Amino acid sequence: MDTGSMCTVERRGCVHLITITGAGEHRLGLPLISALRSAVAAVRASPGAGAIVLAAEGKYFSNGFDQAWARTVPRHLHASMSEGFRGLLADLLALPMPTVAAVTGHAAAAGCALALAHDTIVMRASRGFLYMSEVDAGIKIVDYFAELLRQKVPDAATRRDMLLAGSKMTAGEAVRRGVVDATADGSVEDVVATAVAAAEGLAARGWDGEVVAEVRKAMWPAVWGKVKDYGTRSFVLCSRTCIARNCLQ
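Residues numbered from 1 in each chain as written. Predicted model: local features only at pLDDT ≥ 70, side-chain atom pairs only at ≥ 80, totals over all residues. Heavy atoms only, no water.

(A) How the structure looks around the overall build of the protein. Looking only at helices and strands, one finds 12 helices and 11 strands in the protein. Here the C-alpha atoms of the protein give a radius of gyration of 17 Å, agreeing with the 18 Å that 2.2 N^0.38 yields for 249 residues. Overall, the protein is about 45 × 45 × 35 Å in size when its C-alpha atoms are taken along their principal axes. Burial status across the protein gives 53% buried among its 249 residues. Per element, the accessible surface of the protein, about 10,800 Å² overall, is 53% carbon and sulfur. (Helix = DSSP H or I, 4+ residues; strand = E, 2+ residues; numbered from the N terminus. Rg over C-alpha atoms; globule rule 2.2 N^0.38 Å. Buried < 20%, exposed > 50% of the residue type's maximum accessible area, 1.4 Å probe, protein only. Areas by Shrake-Rupley, 256 points an atom, 1.4 Å probe, with all protein chains shown as cover.)

Right, dumping it as structure tokens:
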């Protein structure tokens, strides 16, 4: 399945693999956010879907919001980018199946938040880092980013280093600090294979998907509270508006 050429969806048994395509930085502007939300919605509607893996081609998992794209569109669409991403996080938290991020390269700012929004994170050992760049870029952190870091990064000193020191965390350090669950040596394909294997193991448990979603929301209630109103229903309305304004071209 091709979702507007920005990402693909491939079924591997009961696991659906969403891959952000291309060799670029995979910046999260409205076009890519919308493509990812469409892909997640397609997986949710697919019979027999047992788990989801999100990966990316090339050097980057995602280098954050697409600030260059934002400079080319009307100002009122800047908030739409953040709101669309908030909706993507809501979609992932409400997904009735386990979710695994295959962090195949650098994950910065919104890209780091996207990885953290998954249940399980597998990170490439030889390349890439997690990096919350807001303090270095002089950008205020949005509330749901802060809440996501507060609830998904267990150690206060680690959160301080990520948010107030702009530390770039390698895979080994991320595992040691409890931010990432596992590392994988080798190529992008090796990282994806490890993540798919982890997803297969989770899918094999045969859990009730709706229970998985409700447990996830209950585990991270403050994050869910900040994103839930931007989920699937608002995505449909926003997409219609964006198409009407040609902002997804």
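Structure shown, so let's carry the discussion forward.
(B) Fine view of the packing of aromatic side chains. Enumeration over the complete set of coordinates arrives at 6 aromatic pairs. Grouping aromatic residues by their ring pairs yields a cluster made of Phe65, Phe85, Tyr144 and Phe145. The aromatic ring of Tyr230 is capped on one face by Arg86, whose charged end is 4.9 Å from the ring centroid. If you follow Lys152 out to its NZ or CZ, it ends over the ring of Trp220, 4.2 Å from the centre. (Phe/Tyr/Trp six-rings, centres within 6.5 Å; stacked < 30°, edge-to-face > 60°. Lys NZ or Arg CZ within 6 Å of the ring centre and 35° of its normal.)

(C) Molecular detail of helix H10 (residues 209–219). Considered for burial, the residues of H10 that qualify are Gly209, Val212, Ala213, Arg216 and Lys217. The buried side chains of H10 occupy one side of the element, clustering within an arc of 130° when seen end-on. Counted as exposed and oriented over 90 degrees from the buried face of H10: Ala218 and Met219. Next to the buried residues of H10 lie helix H3 (76–93), strand E6 (99–103) and helix H11 (221–227). Where H10 starts, the residue carrying a side-chain oxygen 2.9 Å from the main-chain nitrogen of Glu210 turns out to be Asp208. (Arc of directions from axis to C-beta. Contact = heavy atoms within 4.5 Å. Polar contact = N/O pair within 3.5 Å; in protein donor to acceptor, adjacent residues only side chain to side chain.)

(D) Geometry of the environment of Leu36. Tracing the chain through its elements places Leu36 in helix H1 (residues 30–45). Apart from the residues within four sequence positions on either side, Leu36 is in contact with Cys7, Ile18, Ile20, Leu28, Leu54, Leu88 and Leu114.

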